[in-house]
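# Inside the fold
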Amino acid sequence: MALLPLCHRDEIPDGAARGFLPLPEALRRVIVVRRGQRLDAYMDSCPHYTGGTPMAWRRDAYLNGDGTHLACHAHCALFDIDTGDCVSGPCLGRKLTRVTLTEDQVGYLSVPAHVAGCAARKE
Ligand code: FES
């Protein structure tokens, strides 16, 4: 499987989320959330509308105010960080598209190359 380099784990502060483009011409960022040593990654593509919508109202604003959920600020949807499931808002029953992270021995993260052209998951 072809991989694209994304970032280093230390670029994401503990308890924060950041978005990274896997390629400069990629359609969507990949959101990486760090909680301690745990990392979760999803496409920056809200499933509310077919085709997906970028979720942050400003750069890297992917979490709600308490930092407990991923949030789409367009219509206030909240998503479980562990599963990507929408738990509140207009896309209940849908989920974010999880991205598999591959980490090397010194903390650099890569993603499958196909995510560079990925949009929202259709449910
Ligand atoms: S576009 Fe994300 S909640 Fe509507």
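Our structure is the block above this text.
Fair warning: this is a prediction, and the values are worked out from it, not measured in the lab. By convention here, each chain's residues receive numbers from 1 onward along its written sequence. Predicted model: local features are reported for residues with pLDDT of at least 70 only, side-chain atom pairs are reported and counted for 80 or more only, and whole-chain, interface and lining totals are derived from all residues. Water and hydrogen atoms were dropped before computing side-chain values, which therefore reflect all heavy atoms in the structure.

## A short note on the sheet that holds strand β4 (residues 38-43)
Sheets are built from strands that pair by backbone hydrogen bonding, the pairs being arranged parallel or antiparallel. With antiparallel pairing, the three strands of this open sheet are ordered in space as β2-β3-β4. Each end of this open sheet is capped by a strand with a single partner; those strands are β2 (17-20) and β4. The average angle at which neighbouring strand axes cross in this sheet is 25°, direction not considered. Here strand β3 (residues 30-35) runs beside β4; their pairing, made up of six bridges, is antiparallel. Looking across to β4, one finds that Val33 is bridged to Asp40. Paired strands are those between which DSSP finds at least two bridges. What counts as a helix is a DSSP run of H or I of at least four residues, what counts as a strand is a run of E of at least two, and both are numbered from the N terminus. Helix axes are fitted to C-alpha atoms over the stretch in contact, other axes to C-alpha atoms as well, and angles between N-to-C directions run from 0 to 180 degrees.

## Section: the pairing of strand β9 (residues 108-112)
The buried label applies to any residue whose accessible area, calculated with a 1.4 Å probe on protein chains only, is under 20% of its type's maximum; exposed applies above 50%, and partly exposed to all values in between. The buried fraction of β9 is high, at four of five residues. Bridge analysis of strand β1 (residues 3-8) against β9 gives five bridges, and the strand direction is antiparallel. Across the sheet, the residue bridging to Cys7 is Leu109, located in β9. Two strands pair when backbone bridges link them, and strand β8 (residues 102-103) and β9 are joined in this way by two bridges, in the antiparallel orientation. Counted as the bridge partner of Glu103 is Leu109 from β9. Hairpin geometry of β8 and β9 is characterised by an intervening segment of four residues between the two adjacent antiparallel strands and by a positive phi of about 95° at Gly107.

## What about the pattern of salt bridges?
Each salt bridge in this description consists of a side-chain nitrogen of Lys or Arg and a carboxyl oxygen of Asp or Glu lying within 4 Å of one another. Going through the model one piece at a time under the given rule, you end up with ten salt bridges. The partner of Glu103 in a salt bridge is Arg9, with the nearest N and O atoms 2.6 Å apart. On the criterion of sequence distance, the pair formed by Glu103 in strand β8 and Arg9 in the loop between β1 and β2 is long-range, its members being 94 residues apart. A salt bridge links Arg98 to Asp40; the shortest N-O distance between them is 3.2 Å. Of this pair, Arg98 sits in the loop between β7 (86-88) and β8 while Asp40 is found in strand β4, placing the two residues 58 residues apart along the sequence. Given the relative accessible area of 40%, Arg98 is considered partly exposed. With relative accessibility at 2%, the residue Asp40 sits in the buried group. Among the charged side chains, a salt-bridge network with shared partners connects Arg35, Arg38, Asp40, Asp82 and Arg98.

## A few points about the environment of Glu103
Given the relative accessible area of 37%, Glu103 is considered partly exposed. With 94 residues separating them in the primary sequence, Glu103 and Arg9 have C-alpha atoms 8.5 Å apart.

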